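# Inside the fold
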Amino acid sequence: MSDTTSLHPSLAAFIAESRAIADSIDDPADCVIAIAPLMHRLVGSADEFLQPNHFRSEPDHYTRNAIHICPSGNFSLFALVWRPGQWTQVHDHGSWGVVGVVRGMLEERAYMAADGEITADSGIRLKRGGIVLLNPGAVSTFVPNPDHIHMTGVADNHETCVSLHLYGRNMDSFHIYDVAAGTRRMINVPHQDSD
Ligand SMILES: [Fe+2]
């Protein structure tokens, strides 16, 4: 997954250009501004480079199919497949991220920390924020500190969604939140390898 020489040219170009941006821009907010147009271009050519293994899905939960995971630990790209009614838990990422929708409609529901930046795993007051509905071609971004806390998924009555997710680290763990209890905990997150 770290070797880009065998990738489709549009995917290889996206990875090379995004990595160059991530390596040269320290501020995550500036980083996602620079990468968002690249993701917009990438989702437009997704049908050319996505392989059957990127469309793998599971009946009982959304599926994370790895496209490229950089061994340096500061960059990872996934194709996520969401069958109708499949959602994440409320979570953060501890990283910047850029999301692009390939097919279907992805819904993001935002949560806001009522007391500012979260520094402990309990006593967390989250308020529900707005939602966005992302059609094919749409791009969404987020930055850490304070983390963009959200849940993402596809409504029961919609078609399966496929989306591309680029993160500024190997996204193999993140916090999930129990909103009612006011707590969070770190979980390890599995993914399907690309080969
Ligand atoms: Fe997320």
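In case you missed it, the structure is sitting above this.
Once a new chain begins, its residue numbering starts again from 1 and follows that chain's sequence as written. Given that the model is predicted, a residue must reach a pLDDT of at least 70 before its local features are reported, and side-chain atom pairs must reach 80 or more before they are shown or counted; all residues, however, enter totals for whole chains, interfaces and linings.

### As for the overall build of the protein chain
Inclusion rule: A run of H or I in DSSP becomes a helix once it reaches four residues, and a run of E becomes a strand once it reaches two; helices and strands are each numbered from the N terminus. Just to be clear, the radius of gyration here is over C-alpha atoms, and the globule rule we use is 2.2 Å times residues to the power 0.38. Working definition of burial: number of other C-beta atoms within 10 Å of the residue's own, with buried at 20 or more, exposed at 12 or fewer, and partly exposed in between, all C-beta atoms being placed from the backbone. For the purpose of contact definition, each residue receives a C-beta atom placed from its backbone, and two residues are in contact when these atoms lie within 7 Å.
Helix and strand counts for the protein chain stand at 3 helices and 10 strands. Listed N to C, the secondary structure of the protein chain is α-α-α-β-β-β-β-β-β-β-β-β-β in terms of helices and strands. In terms of C-alpha radius of gyration, the protein chain reaches 16 Å, essentially the compact-globule figure of 16 Å for 195 residues. Expressed as lengths along the three principal axes of its C-alpha atoms, the size of the protein chain is roughly 50 × 40 × 25 Å. Here the protein chain, with 195 residues, has 35% of them falling under the buried criterion. In the protein chain, once contacts between residues fewer than 6 apart in sequence are set aside, the share between residues at least 24 apart is 76%.

### Comments concerning the sheet that holds strand E5 (residues 126-134)
Strand pairing in a sheet relies on backbone hydrogen bonds. The paired strands run either parallel or antiparallel. So the rule is basically this: When DSSP locates at least two bridges between a pair of strands, those strands are taken to pair. Angles shown run from 0 to 180 degrees and are taken between the N-to-C directions of axes, each axis being a line fitted to C-alpha atoms and, for helices, limited to the stretch in contact.
Taken in spatial order, the 3 strands of this open sheet run E5-E4-E7, and their pairing is antiparallel. Two strands in the sheet have a free side with no partner beyond their single neighbour: E5 and strand E7 (149-153). Neighbouring strand axes in the sheet, compared pairwise and without regard to direction, differ in orientation by 20 degrees on average. Where strand E4 (residues 106-113) and E7 come together, 5 bridges link them in antiparallel fashion. Paired with Ala 110 across the two strands is His 150, which belongs to E7.

### Concerning helix H1 (residues 9-24)
To be explicit about the condition: To estimate the expected span of a helix, subtract one from its residue number and multiply by 1.5 Å. What the arc describes is the spread of directions from the helix axis to the C-beta atoms.
Look at H1: 22 Å from first C-alpha to last across 16 residues, which is about the 22 Å you get at 1.5 Å a residue. Taken residue by residue, H1 has Leu 11, Phe 14, Ile 15, Ser 18 and Ala 22 as its buried positions. Taken end-on, H1 shows its buried residues confined to a sector of 95 degrees, consistent with a single buried face. Every exposed residue of H1 that faces more than 90 degrees away from the buried side is listed here: Pro 9, Ala 16, Ala 20, Asp 23 and Ser 24. Looking at the packing, one finds that the buried side of H1 touches helix H2 (28-44), helix H3 (46-49), strand E1 (63-69), strand E2 (76-82) and strand E8 (161-167).

### Observations regarding the environment of Val 98
Tracing the sequence through the fold places Val 98 in strand E3 (residues 97-103). By the C-beta count within 10 Å, which is 26 here, Val 98 ends up buried. For the pair Val 98 and Leu 166, spaced 68 residues apart in sequence, the C-alpha separation works out to 5.1 Å. Beyond its immediate stretch of four places on either side in the chain, Val 98 contacts Val 32, Ile 35, Ala 36, Met 39, Val 139, Thr 141 and Leu 166.

### Let's talk about the sheet that holds E1
Pairing is antiparallel across the open sheet formed by 5 strands, whose spatial order is E1-E2-E8-E3-E6. In this open sheet, the two edge strands, each paired with only one partner strand, are E1 and strand E6 (139-142). If you compare each strand with its neighbour and ignore which way they point, the axes differ by 20 degrees on average. Bridge count between E1 and E2: 6 bridges; the pairing is antiparallel. Directly across from His 68, in E2, lies its bridge partner Leu 77. Across the face of the sheet, H2 comes into contact with E3, E6 and E8 while running at roughly 15 degrees to E3.

### Details of the pairing of strand E9 (residues 173-178)
Here E9 runs beside strand E10 (residues 183-188); their pairing, made up of 6 bridges, is antiparallel. Its bridge partner being in E10, His 175 is matched across the sheet by Met 186. Where E9 folds back onto E10 in an antiparallel hairpin, the turn is made up of 4 residues, including Gly 182, whose phi is positive at roughly 70 degrees.

### A look at H2
What sets the pattern is the α-helix's 3.6 residues per turn: residues three or four places apart point alike. What counts is decided by this rule: The angle between axes fitted to the seven residues ending at a residue and the seven residues starting there is what we call the bend at that residue.
In this model H2 runs 24 Å from its N-terminal to its C-terminal C-alpha over 17 residues, within 8% of the 24 Å that 1.5 Å per residue would give. Ile 35 marks the point of greatest bend in H2, at about 30 degrees, and the proline Pro 37 comes within the next four residues. Taken residue by residue, H2 has Cys 31, Val 32, Ile 35, Met 39, Leu 42 and Val 43 as its buried positions. Summarising the contacts, the buried residues of H2 are in contact with H1, H3, E3, E6 and E8.

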